[in-house]
Structures are given as structure tokens and as C-alpha cells.
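Coordinate analysis (summary)
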Amino acid sequence: MTIHYVCRHCDVQVGTLNQNDCSAEGLGFHQLTQEERQSMIEYKQDGTITVKTICEDCHDAMERTPSYHELDTFIQ
Ligand SMILES: [Zn+2]
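Residues numbered from 1 in each chain as written. Predicted model: local features only at pLDDT ≥ 70, side-chain atom pairs only at ≥ 80, totals over all residues. Heavy atoms only, no water.

Now for the sheet that holds strand β3 (residues 41-43). Sheet architecture is open: 4 strands sit in the order β2-β1-β4-β3, paired in mixed fashion. This sheet does not close on itself; its edge strands, each paired only once, are β2 (13-18) and β3. For this sheet the average axis-to-axis angle between neighbouring strands, irrespective of direction, equals 20 degrees. (Pairing = 2+ DSSP bridges. Helix = DSSP H or I, 4+ residues; strand = E, 2+ residues; numbered from the N terminus. Axes fitted to C-alpha atoms, helices over the stretch in contact; angles between N-to-C directions.)

Next comes the structure, spelled out in C-alpha cells:
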């Protein structure tokens, strides 16, 4: 089971994880709400999982401009 972590803002690949335990609990997904799971986790047809996360660059940008996050939510 391969999990790709991709930045939701700039699409950069943050990291890749090879996880044997692909249950929601093993991945920590059970800590998320149903809504968060649907917006963050994408199950691809080739069996990999893409998790939308945030890279350091975008995190820094958001820290600098707090309204950036609101704007992004608005666009979605
Ligand atoms: Zn980013």
C-alpha cells in the first residue's frame, strides 16, 4: 500500500509512505471526521492513496497571511 502525501495548495509531493497496515486505524485516518476524510483522502484506481496535506512553503505562507486559508476555503 503506497500513500502519497501531496500539498493541497501547490500539488507538490510532500512524501511517500509504504504502509503494510492499510486500515483506517493503521493510517490514523480514524482521527479524522468523515468530512475531513472525504476532502483529504483520495483512493486511486491503481490502489494507491493520495492524502492532501500542506507543504512547508504553503504552511509558512499561511502563517504570514492568515487570510490565505480563508481565501482557499472560499475558492473550494
Ligand atoms: Zn504547498
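Moving on, we come to unusual backbone geometry. Here the phi dihedral of D11 falls at roughly 65 degrees; this positive angle occurs in a residue that is not glycine. On the secondary structure map, D11 appears in the loop between β1 (2-7) and β2.

The next thing to look at is the coordination of the zinc ion. On the protein side, the zinc ion has C7 (SG), C10 (SG), C55 (SG) and C58 (SG) as donor atoms, found 2.3 Å from it. Around the zinc ion sit 4 donor atoms, and with donor-metal-donor angles ranging over 107 to 113 degrees the site reads as tetrahedral. Donor residues for the zinc ion, ordered by position in the chain, follow C-x2-C-x44-C-x2-C. On the criterion of sequence distance, the pair formed by C7 in strand β1 and C58 in helix α3 (residues 56-64) is long-range, its members being 51 residues apart. For C58, a relative accessible area of 8% gives the class buried. (Donors = N, O, S within 2.8 Å, 3.2 Å for Na, K, Ca; no water. Tetrahedral: all angles 85-135°; square planar, octahedral: opposite > 155°, others 65-115°. Buried < 20%, exposed > 50% of the residue type's maximum accessible area, 1.4 Å probe, protein only.)

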